[in-house]
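Residues per chain are reported as follows:
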Amino acid sequence: MFLEVDHLAVSFATRRGKVAAVRDVRFSLAKGETLGIVGESGSGKSVSAYAIMQILDRGGQLESGRIQFDGMELNRYTNREMRDIRGREISMVFQNPRAALNPIRKVGHQIEDVLRRHARTSASGAKSAAIEAMRAVHINQPEKRYHSYPFELSGGMSQRIVIALALACDPRLLIADEPTTGLDVTTQKVVMDLIAELTRSRGMSSILITHDLGLAARYCDRIVVMKSGEVVETGTPDGLFHAPANAYTKRLIRATPRGGIGIGDLVDPPRQAPQRPAIGAPLLQVRDLRKTFGKGVNTVTAVDAVSFDIHAGESLGLVGESGCGKSTTSSMIMRLADPTSGEILLDGRSLTDTPASRFARDPRRTSLQMVFQDALASLNPRFTARQSIADPIRRLTRENADGRTEELAGQVGLPVELLDRFPHQLSGGQNARVGIARALASRPRLLILDEPTAALDVSIQAIVLNLLADLRADLGITYLFVSHDLHVVRLLCDRILVMKKGRIVEEGDAQRVMSNPTHEYTRTLLDAVPSLPNLKI
Amino acid sequence: MGQRTRLVLSRMLQALPALAGVVIVSFALTRMLPGDPAVYFAGPAATEQSIAQIRVAMGLDLSLPMQFLHYARDLLMGDLGNSLSTGQPVLEELARRLPASLELTLTALLLSCAIALPLGVTAAVHQGSWIDHACRALVTAGVSLPTFFTGIALIYVFYYLLGWAPAPLGRLDFVYLSPPDVTGFYVVDALMAGDFETAGGAMRQLILPASTLALFTLAPIARMARAAMLEALSSDYIRTAKAAGLSQRKIVYFYAFQNAMLPVITTLGMVFSFTLGANVLVEKVFSWPGIGSYAVEALVVSDYAAVQGFVLAMAILFVALNLVIDIVYTLVDPRTRSTT
């Protein structure tokens, strides 16, 4: 075998003593093969890769294990010897490409640094070699881009630079650690296709570390599933997805949103999807909404003539990639920002008459509430869960805060004994529940959900999505669900709006848009999302 | 005009309102000083009449806005008024004393950077090692020992006990003649004149007060260097550099160090500002003829022209310094250059 990892164990020294991060991990990789390592956060998938490269964070230690790479026993190599392997034999691509590049060094120079280090070029030939490496990852005008700093590049472009840097010295193994997390789906496709194309044409082997089963299914020859630092199952995508042997693999596949299933199928055991409430009269009407930023020649139109209705009891999905204006639209509806022109009506009465700066004191503030993307960051770190939920009750209603807080905790499935904990003492899923309870506290009629599950593991996402569906059925709340993920939106929404460059390009019934999109952009989006085959498990 | 030049120019323009503000505030502040300068100036044997005469002569009988206009007019002509206690023009005295303070402060800062930066960087690279602990001990000692104490302690050990240092009596021992005035920095001027003996003498006088100040300024610089370096070393781009097999030297001294320098530059600017104003005690202990001791003496006797001149000079220095820091920052960090 080209790469063979056996009995790998890694531990981290913490204040509370040694903590095992990875135990008895074994996998192998043939020449030219692409191996996927799949798992949720804390599964040890990245740590395993760092252990192979010997770039573990501070306090991390390789406890035991054999790492055989093309006849070399890497686990016996010193750090000095590994430096010649890294970048030349084995390279790595990381998530969050902008942060992965030195912010104050020209990207061309960063590629040169690697080339020079591994003696692939002389000082005089460095520049042309770096430009060549950039051309290899299909960067337009590499001579010009050579002089760019990372902050001047888009996420996708930065990731290409990181890939160029990784592949500059023709390594034989590429490890990609969540290379597309945080990128838009269309960019994700471009980046993944690029990695696949380059590794194939150069005869390289690669390891793709991801939390996304769909991505692994599309790009990998074999998949290793990890959980809590251990390998639970290995197999080909077909075998693994159609007949998973392990209960965790089954649960993971079940929780992944995909075509042909209902929201109740995400959880184990599957359940009946809750009844969708009856659709009533228009609750919120958006009329010809526009928002521009800047002045003169620098004017940017973020939202351009957007009109739509949300009916009472309805769940409307707003889908688009970053920069399409969906967040600007939702913050205008939430009355956190004023539109440049246009109108928003609630129950036929204008909301935009009251400027955003004074809307906090408007009695209709209680009717509109929001659940934010990053549950942890959007909670006050010095408030306990109880304080976070009670705060809007005290400010916006005349209800008894104590009784109501516990009622809300019950509604969102947060155990009452967790109410006195602070955000950092709660898990991601629990914080998401606190965020939802806080938004429900003022008994809103419209809830704006801004990617509420984007930062969660799929198994937690499945539970939160079901919770949202239950709340809607029980309380009859109307949802505006903002997301980049069409599959997630389809599960929760009746109707979908697709936005691109500030405009709505497609609008329609959720099932119809997914199965029979009329706009080309919607089709591009749908094609870009790597999805699991339509499985019934 | 290049983008950088335009940016530097616009930063300089932005400094103008700050300067105008400083002129107004320095004027207002000195008028709030307790005591009547006319009474002081007239001396102990003054009569009501002579005091009133002096008041008119000094323009103190005018309304405040008129006084300000006079002040601003004089200022534009480079006239900061005469010191009440010495009778000398304030501008001249400041011009003589400022280089002394600057020479002391700059030497101290150079010394402190030469120790603090390597120390902070090494402490961060070898986090938790003995050098990290040594760094912490030195930093704690540096901030917790008041400068007048370290100053006196150094004099006691190196002058009184060991006799290595010269007497703490100003910038130059009386056996030397002060070098021709070019920059006002004795060491530099003496070297430029080719007078190595005087340069050595001036340097010997400098060592103790500069060390005292350096010990004090070491703490914030070393602490910032360590913290910034730790942050840089744990960042994603360092991981990328490691994964690409770059050498330890390249990673630590180029990738991490260059990024860590950004907050250190900011800290340096702050440290320089407060040292320049706060080295009064050191100047007193070492009889250093700087502007700090000048200001304190002026303040004690309500010598408002001198105080005003001092405040103004300091403020201009601060503004100029911030400007320099800003410009250095724009040159080092490409992200600050992209203003739309």
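For every chain, the first residue of the written sequence is number 1, and numbering continues from 1 along that sequence. Whichever chain is written first is A, and whichever ligand is written first is 1; the rest continue in order. Totals for whole chains, interfaces and linings use all residues, but because this is a predicted model, local features are given only for residues with pLDDT of at least 70 and pairs of side-chain atoms are given and counted only at 80 or more. To obtain the side-chain values, all non-hydrogen atoms of the structure were used and water was disregarded.

### A short note on the overall build of chain B
Along chain B, the regular secondary structure elements total 14 helices and zero strands. Summarising its shape, the C-alpha atoms of chain B cover approximately 85 × 60 × 40 Å along the three principal directions. Buried residues are those whose accessible area, probed at 1.4 Å on protein chains only, stays under 20% of the maximum for their type, while exposed residues exceed 50% and partly exposed ones sit between those limits. Looking at chain B residue by residue over its 340 residues, the buried ones come to 44%. Contacts are residue-level and defined by heavy atoms, with any inter-residue pair within 4.5 Å sufficient. Counting contacts in chain B only where the partners sit at least 6 residues apart, residues at least 24 apart contribute 72% of the total. When the accessible surface of chain B is summed, it comes to about 17200 Å², and 69% of that surface belongs to carbon and sulfur atoms. Only DSSP runs of H or I reaching four residues or more are called helices, and only runs of E reaching two or more are called strands; each is numbered from the N terminus. For the area figures, the Shrake-Rupley method with a 1.4 Å probe applies, and any residue is considered shielded solely by the protein chains shown.

### So, the overall build of chain A
Scanning chain A from terminus to terminus reveals 18 helices and 20 strands. The quantity called the radius of gyration is restricted to C-alpha atoms. Its globule counterpart is 2.2 Å times the number of residues to the power 0.38. Taken over C-alpha atoms, the radius of gyration comes to 25 Å for chain A, in line with the 24 Å a tight globule of 537 residues would show. Oriented by its inertia axes, the alpha-carbon framework of chain A measures out at about 70 × 55 × 45 Å. Within chain A, contacts between residues at least 6 apart in sequence are counted, and of these 68% link residues at least 24 apart. Per element, the accessible surface of chain A, about 22400 Å² overall, is 47% carbon and sulfur.

### Focus: the interface of chain A and chain B
Residue-level contacts link 26 residues of chain A with 23 residues of chain B. Note: buried area is the sum, over both parts, of the accessible area (probe 1.4 Å) each one loses when the two are combined. Note on chain A versus chain B: buried area summed over both sides is about 2300 Å², and carbon and sulfur give 59% of it. A side-chain nitrogen of Lys or Arg and a carboxyl oxygen of Asp or Glu constitute a salt bridge if their distance falls within 4 Å. Joining chain A to chain B, the criterion identifies one salt bridge. Pairs of N or O atoms are called polar contacts if they sit within 3.5 Å, as long as, within protein, a hydrogen donor faces a hydrogen acceptor (for residues adjacent in sequence, only side-chain-to-side-chain pairs). The tally of links between chain A and chain B comes to 11 residue pairs in polar contact (both at pLDDT 80 or more). At four residues, helix α3 (residues 107-117) of chain A tops the list of elements feeding residues into the side of chain A that touches chain B. Of the residues assigned to the side of chain A that touches chain B, the class counts are 15 nonpolar, five polar and six charged. In this count, Pro and Cys sit with the nonpolar residues alongside Ala, Val, Leu, Ile, Met, Phe, Trp and Tyr, while Asp, Glu, Lys and Arg are called charged and the others, Gly among them, polar.

### With respect to the nonpolar core
Residue and element names in this part refer to chain A. Only buried residues count toward a nonpolar core, which is a set of Ala, Val, Leu, Ile, Met, Phe, Trp, Tyr and Cys residues joined through side-chain atoms within 4.5 Å. Residues L3, F27, I111, I207 and L492 are the most contacted members of the largest nonpolar core, which totals 161 residues. Boundaries of every domain are those given by an automatic assignment or by a domain database. Looking at which domains feed residues into this core, each of domain 1 (96-170) and domain 2 (282-528) gives three or more. Not counting residues up to four positions away in its chain, the partners in contact with I111 are A130, A133, M134, I161, A164, L165 and A168.

### Some details on the domain arrangement of chain A
For chain A, the assigned domains read domain 1 (96-170) and domain 2 (282-528). On a C-alpha basis, the centres of domain 1 of chain A and domain 2 of chain A stand 39 Å from each other.

### Concerning the packing of aromatic side chains
All names here are of chain B. Aromatic pairs are defined between Phe, Tyr and Trp rings, using the six-membered ring for Trp, whenever the two ring centres lie within 6.5 Å; interplanar angles under 30 degrees are classed as stacked, those over 60 as edge-to-face, and all others as tilted. Inspection of the entire model under this criterion finds seven aromatic pairs over all chains. Residues Y156 and Y160 carry aromatic rings whose centres are separated by 5.5 Å and whose planes lie at 20° to one another, so their mutual orientation is stacked. With Y156 and Y160 both in helix α7 (residues 147-161) and four residues apart, this pair spans about one turn of that helix. Relative accessible area serves as the criterion here: at 45%, Y156 is assigned to the partly exposed category. Of the residues examined, Y160 reaches a relative accessible area of 60% and is grouped as exposed. Ring centres 5.9 Å apart and planes at 45° place the aromatic pair F158 and W164 in the tilted group.

### Digging into the pairing of strand β17 (residues 446-450) of chain A
All names here are of chain A. Here β17 lies mainly inside the structure; five of its five residues are buried. Of the two faces of β17, the one lined by L446, I448 and D450 and the one lined by L447 and L449 are each fully buried. For two strands to be treated as a pair, DSSP must find no fewer than two bridges joining them. Bridge count between strand β16 (residues 368-371) and β17: four bridges; the pairing is parallel. Opposite M370, over in β17, you have I448 as the bridge partner. With five bridges connecting them, β17 and strand β18 (residues 478-483) associate as parallel partners. When the bridges of β18 are listed, L446 appears paired with T478. Crossover handedness for the path β17 to helix α15 (residues 458-475) to β18: right-handed. Orient the strands so they point away from the viewer, and a crossover whose first-strand-to-second-strand path over the helix runs clockwise is right-handed.

### Thoughts on the sheet that holds strand β3 (residues 34-38) of chain A
Residue and element names in this part refer to chain A. The strand order across the open sheet formed by six strands is β6-β7-β8-β3-β9-β10, and the pairing between neighbours is mixed. Where the open sheet ends on each side, the last strands, each with one partner, are β6 (90-93) and β10 (230-235). When strand polarity is set aside, the average angle formed by the axes of neighbouring strands in this sheet is 20°. Relative to strand β9 (residues 222-227), β3 is paired through four bridges, and the arrangement is parallel. Each axis is a line fitted through C-alpha atoms, and for a helix only the stretch in contact is used; angles between axes span 0 to 180 degrees, taken between their N-to-C directions.

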